[in-house]
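# Descriptive analysis of the structure
One letter stands for each residue in the lines below.
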Amino acid sequence: MTSVMSKEWAVLHGAFLRAEKLCCPSSLACLQKDDWSRVGRPVLEAVREICGAEDLETGPPDATLSVSWRKRVLCAVWLKLQSAEAGEDVETAWRENPFFPVQKGLPEVNHAVLLEVAKSTAAAQIFARFLLCLPQPQIRSELQRLVEHVKSSPTADQDVHFFLEVWWELWRGPEQQKEGAQGDSIETTFSRQFARLSSQSSSVDPKAAKRLKLDTTSPVPADADVLHILLHALKDIKDHISTTDRCLQALSVSLDALYTTFLIDKAVVLSTEESMHLLSRAISIKRESAEKRLTPDVIRQAQTDIRASHTPSRFGSSGRGGMELGEALKMLTEIVQFWQNGRLLLSACDGADDPSYSAFRLEQSVRRVLPALQKAQSPETTTGEGTDDGNALVGLLESLAFPATEIGPEVNSKVATVIITHRLEGYRSYASLFAGEKSWAARDDSWMSCVEKNRAAFQQRDTLIKLTSTLMSELGGGDGGSTNVSRCKRLMKVIADIFSALPLADKNKALAAMLRLSRKGFFGRASSSSVPSALRDGFDQELNMAFNCIIQGRAGASESNLNTAVALVARVAFQNPEAALRSCCHSAIFNKSAFSLMAKILLQLPGLTGQEEEEGSDAQSGVLCSCLQEAIQTKSLSANEKEQLVQFLGLLMKPGPLVEGAGQRPSFLSPQEVVNTFVLPNLSTKGQSNFDRELSVQLLHTALCVEVQAAATAPHWVLDCSPFPLLYVLAQLHCQALRCWEQPAEGAVLHWSMESRELLVSVLSRLAEVVGAEVAASPCSWSRALFWLYNKMEGLDWTVRFHLKPVWGEHFKNEVPSALLTVCELPEQEWSGLALPQYGQGTGLLAWMECCCISDSLQSTMLSHLSLDQRRPDHVGMFSKGLLVALTQTLPWCSVSQWSRLLRGLRELITSGRLNVPFSLEYVDYLPLLDLKSFSCELRLSVLLLRALQLLCGSSCSDWLSAEGWGNVGRLYAHAVRDMIQSLRAKLPLPTAAAPSSKTQASADSNAPGKSPQTARDLTQAEDVPLKAEESHMAQEDQMETAPSQEVLFVLSQLFCHVQHIQVMMPGGQCEPLFLCCLELLSHYESIMGAFPHSSSPLESHNTRHFFTTITDNLQSQEMKAVLQHKIAQLVSGAA
């Protein structure tokens, strides 16, 4: 801080010089207390002129300027006095003391001048602030000087008032520095200069040290603490207190000092309601007694008083000379008794209905001290010392009675408004109280104006919910005609704006709190008729606009846009969670490709599931599921909409990312909630529509695929979804779907596609694995449910039990038709036969083949235990014929995965020689000179399928299958043909395109401009490169000539003829999968001819084209025929 001479300081210097003249023949350095009234008038007039105030106690219009100048004046006088006592060197002072120019213009003064200036200018608070800048030993020294000055004659009421004000200001503590205030304040400068001068005083001459010594006859010990000094001083001047107000002030200050020093060890935290009550009473009484306006400074002072009265004193008693509780009680008891005998306290009790501020403070002090004293004097906490004095003081305090004062709600509202508006201490707590007081909100428009102007003060979750509750009460308090539409609209906007300003984490907490309050948000307590249409229409418009912006703009394209979309949804969701979630669900299902964006948005808002609430809260996470159900039931879904629904729920069921220190964030929707909501109610074997069932199976599959990170000891979530009944229902559905081409029984599933049946098998197997793991972990707990499920399986197809093998474990044998045991040698310890009427004599291979389709492990068991004597040709022949018939019976009912598994089994039988499939050259007129041994499996398998389909397409089986069944047969056969094409590709890979020759590249490099001449060695190496490349090319050509390209072309031609034969035989003759297979065969045929030019001569190519064209002439479809023949015409030998 720098001090600059100004006209104000010149005025002050003149005043002190006039006061010095008035002291003649003495001086201000020797001034006595009673002389100040004679000489101090010029100084007071100068201070009033500088501060611009007629009365320094009431304060000038610019109070800040007045306080600042009084601080400067007091600081200058005090440092002048300290400089003189320390014997400060002038050469040092002008460099280090910023008040040096000011002090040089002042005459020498003593402590009486300092204290009288402080007292006369109503600067007790400033004096105390300067005291608090000093170390405690110096505080005690200065307080002893103050006490001696007050006690010196004459002791007037103004002296007592100044003493009590300084005492209380010391207990209030230093003033809290406001935000943005300069750090180099006057107090800081004073503290720095006082410390510098104090350090110099230790090295001054004995005369200066003698000047520092106090000449006192006080009985107070030198090492007494602050409270000891002050209480003894109060005891000494108690007879000088002659007015009731001063008596009440002294007693309240001393009681608060006693309470904060001895009776509490930590700050007493008052609730906001209690603080509000105390503040309102204090301010109301202070305004009435002093006729003051309700300003922030008035409230700030009252808050400081309350805080000081409930915080342990900084001047706690400690060390030798420190006052004990018993001594303090004894002294206070004497003082109170003295005043009571003088009827000062009695007159306070008999006062008017409107108490003074001192009476109010004393009342609050007594209310704090009495219970604390009674607790301190209880047998459990007392040692006996001071008990009598304590009881006496309690008795005296209990005898006091204070008039009751009532504070109206309008005062509370105004006080809270000022605190919130000016951001006073605890304003956020008062904002929370302010938001929830519905009586304040309904009183006048000032409540609404306060909320609108101070939105930042209300940016807390609890405060926001209280504001919302107030709005909901107003909306639900009457019918639509009595609702203040304009006011509600303003409040709705303010609340939404406050919510939008919160960070995302707080938004989620607020959303969870709102869900607990009402799933309909602002409109939760109002009936549809009581909400004015203007309010509801306004929200609907905002809702539609938000989702239109998101959908049309595809806000998920970038991170910032996604954040914008999340903010838009969160805003409308806070106003009405149910409506916002309903719009999310509708957009995710019915807007193409919007499900991913909607899922991203919801995953950013876990508060909409109630997850952000405290543990044990009643979360409303079922709102989303109910909105989805509503969207599904509104209209029938297309296949694309069903797929979007499944993917939408799949994204919401995925757990969130790992958070350091918090583990994995839970999913937005738990899998068990999805299963319990969408699967269990809809998955039934009864009913006429299978839409919900197929969708339910898809959702169950999606839920089972979700990887949920749970504790190792935690049971799987499936156990919360009735797992055994669910397994039974799935088994029933699978049993009904086995013969999907047959006419269904009454009440059964109308139709299951092969894709749905395959998904059903996958879900059943996966669920069986999960449940089986839980059963294995605790078999005794599940024994009854296990036997119940096994008994239920007796009414279903025998193959279904094998899908539940993980559930059975080792508890039950594998039960198969008895006919299977005649063709397969299975151990009796693990297998048992069933007498099934549909599996009579000669059906063993049918059951065996059905087992091969169920699973890989079961197929391996069937192949390894097959009862067949390969040394007897008649056995092999009979087995081959029986297998052909069984294949004909099994093929139409296979899914793609089952058919792939069965094809692997057939290949194994063919390669092992157990299945005899003679290959006849019925499509050629001569025996080709080719080595077809490595392709025998493909040829035999193709012939086997040809024979099976010839049986299947015969007249005896022409009416056996429906059109859908024949379509499935065509798809399966096409799958088998593609499998054989892949096998051929593996045995004869097509050569890669030849790279440019090294010779050409070398020539290009040598002719490039800017190239340096090559050395002889480089030229030699360059000549070697084309020679090596040419040798490699010749070796590649030799390898191509020896490759089995002719054999592959022959096999492809046989496959083409087989496919064409079957396509002509099949009902309708227009099987599209077989047509596409023929195109693929011809394309591969053409690729072989191009890659291996010597594989076919021009004549052979011509004959092949003619032969293929003749075969395709039998097709019924003219379009397919034209396309194939066009493709055949492109088959030209590369050698031509």
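This structure is a prediction, so every number in the text was calculated from the model and none was measured.

Take the nonpolar core next. With 141 residues, the main nonpolar core has Phe458, Phe574, Met598 and Ile601 as its most contacted residues. When near neighbours in sequence (up to four residues on either side) are disregarded, Met598 contacts Phe547, Ile550, Ile551, Cys584, Ser587, Ala588 and Phe648. Counting 106 residues, the second-largest nonpolar core is a separate cluster that includes Val73, Trp78, Leu146 and Leu258.

What follows covers the confidence of the model for the protein chain. Here the protein chain averages 83 in pLDDT, while 83% of its residues score no lower than 70. Within the protein chain, the element-level pLDDT minimum falls on helix α48 (residues 998-1006), averaging 37, and the maximum on helix α45 (residues 896-911), averaging 96. Of the regions scoring below 50 in pLDDT, residues 204-218 engages in 14 contacts with residues more than four places distant in sequence or in other chains. This stretch, residues 994-1023, has a pLDDT under 50; its non-local contacts, to residues over four places away or in other chains, come to five contacts.

The next subject is the side chain of Ser1095. Its location among the elements puts Ser1095 in the loop between α51 (1072-1091) and α52 (1098-1112). In this structure Ser1095 comes out as buried when scored by relative accessible area, which is 5%. A distance of 2.6 Å separates the side chain of Ser1095 from the backbone oxygen of Phe1092, its partner in a polar contact. In contact with Ser1095, not counting residues within four places along its chain, are Ser1045, Gln1046, Leu1049, Ile1088, Met1089 and Glu1100.

A word on the packing of helix α9 (residues 136-151) against helix α13 (residues 226-237). Running from N to C, α9 and α13 cross one another at 5 degrees; their axes reach a closest spacing of 10 Å. Judged by the angle between their axes, α9 and α13 are roughly parallel. Residue-level inspection shows Gln136, Ile139, Arg140, Leu143, Gln144, Val147, Val150 and Lys151 of α9 in contact with α13, the latter providing Val226, Ile229, Leu230, Ala233, Asp236 and Ile237. Of the residues that constitute the contact of α9 with α13, the class distribution is nine nonpolar, two polar and three charged.

The next subject is the pattern of salt bridges. Tallying each qualifying case throughout the model produces 44 salt bridges. The residue Lys520 makes a salt bridge to Glu578 at a minimum N-O spacing of 2.8 Å. Of the two residues, Lys520 is situated in the loop between α27 (504-517) and α28 (533-553) and Glu578 in helix α30 (residues 577-590); the sequence distance between them amounts to 58 residues. With a relative accessible area of 39%, Lys520 lands in the partly exposed category. A salt bridge links Arg985 to Glu1080; the nearest nitrogen and oxygen atoms lie 3.8 Å apart. Pair noted here: Arg985 is in helix α47 (residues 963-987) and Glu1080 is in helix α51, with a separation of 95 residues, a long-range link. Judged by its relative accessible area of 30%, Arg985 falls in the partly exposed class.

A full pass over the atoms with the stated rule returns zero disulfides. Just so you know, Cys824 is unpaired, no disulfide at all, and the nearest cysteine sulfur is the one on Cys851, 7.9 Å from it. On the accessibility criterion, Cys824 (1% relative accessible area) is buried.

Cut-off values and rules
- Residues numbered from 1 in each chain as written.
- Predicted model: local features only at pLDDT ≥ 70, side-chain atom pairs only at ≥ 80, totals over all residues.
- Heavy atoms only, no water.
- Core = buried A, V, L, I, M, F, W, Y, C linked by side-chain atoms within 4.5 Å.
- Buried < 20%, exposed > 50% of the residue type's maximum accessible area, 1.4 Å probe, protein only.
- Contact = heavy atoms within 4.5 Å.
- pLDDT = per-residue confidence, 0-100.
- Helix = DSSP H or I, 4+ residues; strand = E, 2+ residues; numbered from the N terminus.
- Polar contact = N/O pair within 3.5 Å; in protein donor to acceptor, adjacent residues only side chain to side chain.
- Axes fitted to C-alpha atoms, helices over the stretch in contact; angles between N-to-C directions.
- Parallel < 35°, antiparallel > 145°, perpendicular 65-115°, else oblique.
- Nonpolar A, V, L, I, M, F, W, Y, C, P; charged D, E, K, R; others polar.
- Salt bridge = Lys/Arg side-chain N within 4 Å of Asp/Glu carboxyl O.
- Disulfide = S-S within 2.5 Å.

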